[in-house]
Amino acid sequence: MTLLVTNIKQLVGVHEENELLRGKALASLPVIEDAYLLINDGLIAAFGEMKELGAWSDAIEQRIDAGGQFVLPAWCDSHTHLVFAASREEEFVDKLKGMSYEAIAAKGGGILNSANKLAQLSEFELLRMAWSRLQELITLGTGAVEIKSGYGLSVEAELKMLRVIKQLKETSPIPVKATFLGAHTYPLAYRENHQGYIDLIINEMLPVIAAEDLADFTDVFCEKGFFSPGEMETICKAAMQYGLKPKLHVNQLNSIGGLQKAIELNALSVDHLETMTEEDIQALAQSTVIGTLLPSAAFFLRMPYQPARAMIDAGAAVALASDFNPGSSPSGNMNLVVAMSCIGMKMLPEEAINAATINGAFAMELQDELGSIAVGKKANLIFTKPIPSLAYLPYAFGSNLIDKVMIGGEFFS
Ligand code: NIG
Ligand code: FE
């Protein structure tokens, strides 16, 4: 089926090269004013200025007039934990009353609280809830998503989570990538026996995950009181034997050498990065690793935002993601993430949009399918309401400025 979209006010993200954007290049977001876009069988087939539209276009039966609308690549959210059993607003209220994230974790709240709840639910029930969250994200403009395990923390429950993610992958209208995060925290029974849990991950979880093809990537929460850089290395090296590339939680609460270890391991991305020393920023900028910033987690935990400006100015490649999870970012709204990046981290609108589209696609190894307007890529697109300029998107934060979302060439509803 062929569909022609005409009179697009601005067609955004028409990158000629399919490249990861770093440093100054992040500010370059090419657009075509007064554009057309041709979609064939769900893929972008051609685009250009309206005045170049030839007589051939008369033969196309399905046409949409996008007069006044901006069309952007859908958001590529490369870091979420959207499979979970229950919300945790009671901890939110504890925090309002003054308790810290670490104190809540230490009394069995936090990740362990989510793991206890998840253990009690069936695969079907988890799938049903995750499916409805995924639908909401698509209506908010997300066109590809990465989802982590990590609320299982036992062989049975980690596999249950990953099987739910696999089912989402097989049925979701948008591409889904799965990340194994068995090393999210030590379960209570292994608090004093780290090696025992690491052995469980390596000997009991990874072989099944590989045999059932349950994950694309592996992750570790490298943090004081969680997994050390050395423990992260052991787990990643075992996962890499099965072809699982690392995407790692580092430098969220403390700078303990996780970032440097992740670079040594040739991770695809290092995620969070709220706590960065000058050396950490330089190390990231000089590496090929993508720095994935999660400003909504910083916002929700009332931490200083990630030093995006310093990272970009040093030449780093940064992506933006939602970190959607019940503990530190109970929102998967990438429109808000983009707005927060501009408001809280002084990213330019162009930088934020690039970081949330093409660089997010790279951070999931989906760059050949998504993230920009290019011939052959999937027509997963955002159609905005009438807006005066692109900068209006992050400026008018909190307004719903999306008119329609297109997934694979069809409007999603
Ligand atoms: O990415 N930091 C580690 N993991 C999650 C939070 C998990 C939770 O609190 O449930 C995050 O922020
Ligand atoms: Fe996370």
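Residues numbered from 1 in each chain as written. Chains lettered and ligands numbered in written order. Predicted model: local features only at pLDDT ≥ 70, side-chain atom pairs only at ≥ 80, totals over all residues. Heavy atoms only, no water.

With respect to the overall build of the protein
Here is step 1 of the chain: In terms of regular secondary structure, the protein is built from 15 helices and 16 strands.
Here is step 2 of the chain: Over its C-alpha atoms, taken along the principal directions, the protein stretches across nearly 70 × 45 × 45 Å.
Here is step 3 of the chain: Counting all 413 residues of the protein, 60% fall into the buried class.
Here is step 4 of the chain: Pairs at least 24 residues apart make up 72% of the contacts formed inside the protein by residues separated by at least 6 positions.
Here is step 5 of the chain: Between the centroid of the 31 positive side chains of the protein and the centroid of its 49 negative side chains there is a distance of 4 Å. (Helix = DSSP H or I, 4+ residues; strand = E, 2+ residues; numbered from the N terminus. Buried < 20%, exposed > 50% of the residue type's maximum accessible area, 1.4 Å probe, protein only. Contact = heavy atoms within 4.5 Å. Lys, Arg positive; Asp, Glu negative; His and termini not counted. Charge placed at Lys NZ, Arg CZ, Asp CG, Glu CD.)

What about the pattern of salt bridges?
Here is step 1 of the chain: For the coordinates displayed, the defined rule picks out 16 salt bridges.
Here is step 2 of the chain: Residues lysine 51 and glutamate 49 are paired through a salt bridge, measuring 2.8 Å at the closest nitrogen-oxygen approach.
Here is step 3 of the chain: Several salt bridges share partner residues, and in doing so they unite Glu233, Lys237, Lys261 and Glu264 into one network. (Salt bridge = Lys/Arg side-chain N within 4 Å of Asp/Glu carboxyl O.)

Let's talk about the sheet that holds strand 8 (residues 176–183)
Here is step 1 of the chain: An order of 6-7-8-9-10-11-12-13 is seen for the 8 strands of this open sheet, with the pairing classed as parallel. Each having just a single partner strand, strand 6 (75–77) and strand 13 (318–320) make up the two edges of the open sheet. Going across the sheet, the axis of each strand differs from the next one's by a mean of 25°, ignoring polarity.
Here is step 2 of the chain: Note: strand 10 (residues 245–250) against strand 11 (residues 269–272), 4 bridges, orientation parallel. In the sheet register, leucine 248 faces strand 11, and the bridge partner there is valine 270. (Pairing = 2+ DSSP bridges. Axes fitted to C-alpha atoms, helices over the stretch in contact; angles between N-to-C directions.)

Description of the side chain of serine 269
Here is step 1 of the chain: With respect to the helices, strands and loops of the structure, serine 269 is situated in strand 11.
Here is step 2 of the chain: Taking the relative accessible area as the measure of exposure, serine 269 reaches 0% and is therefore buried.
Here is step 3 of the chain: Among the polar contacts listed, one links the side chain of serine 269 to the side chain of lysine 247, at a separation of 3.2 Å. (Polar contact = N/O pair within 3.5 Å; in protein donor to acceptor, adjacent residues only side chain to side chain.)

Observations concerning the site of ligand 1
Here is step 1 of the chain: Around ligand 1, 15 residues are found, and the nearest of them are Arg88, Tyr151, His184, Gln252 and Ser328.
Here is step 2 of the chain: Within the contact set of ligand 1, an oxygen atom lies 2.9 Å away from a side-chain nitrogen or oxygen of histidine 249.
Here is step 3 of the chain: The protein chains hide 100% of the 320 Å² of surface that ligand 1 would expose on its own.
Here is step 4 of the chain: Looking at the shell around ligand 1 residue by residue, the class counts come to 4 nonpolar, 9 polar and 2 charged. (Near = heavy atom within 4 Å. Areas by Shrake-Rupley, 256 points an atom, 1.4 Å probe, with all protein chains shown as cover. Nonpolar A, V, L, I, M, F, W, Y, C, P; charged D, E, K, R; others polar.)

Here's the deal with helix 6 (residues 194–211)
Here is step 1 of the chain: In this model helix 6 runs 25 Å from its N-terminal to its C-terminal C-alpha over 18 residues, within 8% of the 26 Å that 1.5 Å per residue would give.
Here is step 2 of the chain: Where helix 6 bends most, the angle comes to about 40°, and this point is methionine 205, followed within four residues by the proline proline 207.
Here is step 3 of the chain: Those residues of helix 6 not exposed but buried are Gly196, Tyr197, Ile198, Leu200, Ile201, Met205, Leu206 and Ile209.
Here is step 4 of the chain: The elements touched by buried residues of helix 6 are helix 5 (155–171), strand 8 and helix 7 (229–241).
Here is step 5 of the chain: Immediately beyond the C-terminal end of helix 6, within one or two residues, lies aspartate 213, with a positive phi of roughly 55°. (Expected span 1.5 Å × (residues − 1). Bend = angle between axes of the 7 residues up to and from the residue.)

A closer look at the packing of helix 12 (residues 334–345) against helix 13 (residues 349–356)
Here is step 1 of the chain: At a minimum axis distance of 9 Å, the contact between helix 12 and helix 13 shows a crossing angle of 140°. For the element pair helix 12 / helix 13, the angle class is oblique. As for how helix 12 packs across helix 13, the hand of that crossing is right-handed. Contacts between helix 12 and helix 13 involve Met334, Val338, Ser341 and Cys342 from the former and Pro349, Ala352, Ile353 and Ala356 from the latter.
Here is step 2 of the chain: When grouped by side-chain class, the residues that make up the contact of helix 12 with helix 13 number 7 nonpolar, 1 polar and no charged. (Parallel < 35°, antiparallel > 145°, perpendicular 65-115°, else oblique. Left-handed = near helix turned anticlockwise from the far one by under 90°.)

Let's talk about the coordination of the iron ion (ligand 2)
Here is step 1 of the chain: The iron ion (ligand 2) binds to the protein through His79 (NE2), His81 (NE2), His249 (NE2) and Asp323 (OD); the donor distances cover 2.1 to 2.2 Å.
Here is step 2 of the chain: Donor residues for the iron ion (ligand 2), ordered by position in the chain, follow H-x1-H-x167-H-x73-D. With histidine 249 in strand 10 and aspartate 323 in the loop between strand 13 and helix 12, this residue pair connects regions lying 74 residues apart in the sequence.
Here is step 3 of the chain: For histidine 249, a relative accessible area of 3% gives the class buried. (Donors = N, O, S within 2.8 Å, 3.2 Å for Na, K, Ca; no water.)

So, the environment of alanine 298
Here is step 1 of the chain: Looking at the element boundaries, alanine 298 is found in helix 10 (residues 295–300).
Here is step 2 of the chain: C-alpha separation for the pair alanine 298 and glutamate 136, spaced 162 residues apart in sequence, amounts to 22 Å.
Here is step 3 of the chain: Filtering out sequence-adjacent residues up to four positions away, alanine 298 remains in contact with Glu274, Met303, Pro304, Tyr305 and Gln306.

Digging into the domain arrangement of the protein
Here is step 1 of the chain: If you check the domain split of the protein, you get domain 1 (2–73 + 371–411) and domain 2 (76–362).
Here is step 2 of the chain: A separation of 30 Å is found between the C-alpha centroids of domain 1 and domain 2.
Here is step 3 of the chain: Across the boundary between the two partners, domain 1 contributes 29 residues, which contact 37 residues of domain 2.
Here is step 4 of the chain: Counting each side, the surface lost to burial between domain 1 and domain 2 is near 2400 Å², with a carbon and sulfur contribution of 71%. (Domains from an automatic or database assignment. Buried area = accessible area lost by both parts, 1.4 Å probe.)

So, the pairing of strand 7 (residues 142–148)
Here is step 1 of the chain: Within strand 7, 7 of the 7 residues are buried, which leaves it mostly tucked inside the rest of the structure.
Here is step 2 of the chain: With 3 bridges connecting them, strand 6 and strand 7 associate as parallel partners. Bridge pairing in strand 7 links aspartate 77 to valine 145.
Here is step 3 of the chain: Note that strand 7 and strand 8 share 4 bridges and pair parallel. Along strand 8, the bridge assignment pairs isoleucine 147 with alanine 178.

Points about a nonpolar patch on the surface
Here is step 1 of the chain: On the surface, Phe92, Val93 and Leu96 cluster together to form a nonpolar patch covering roughly 240 Å² of accessible area.
Here is step 2 of the chain: Here phenylalanine 92 shows up in helix 1 (residues 89–96).
Here is step 3 of the chain: The exposure class assigned to phenylalanine 92 is partly exposed, which follows from its relative accessible area of 34%. (Patch = residues over 30% accessible without salt bridge, like charges linked within 9 Å, V, L, I, M, F, W, Y side chains within 5 Å.)

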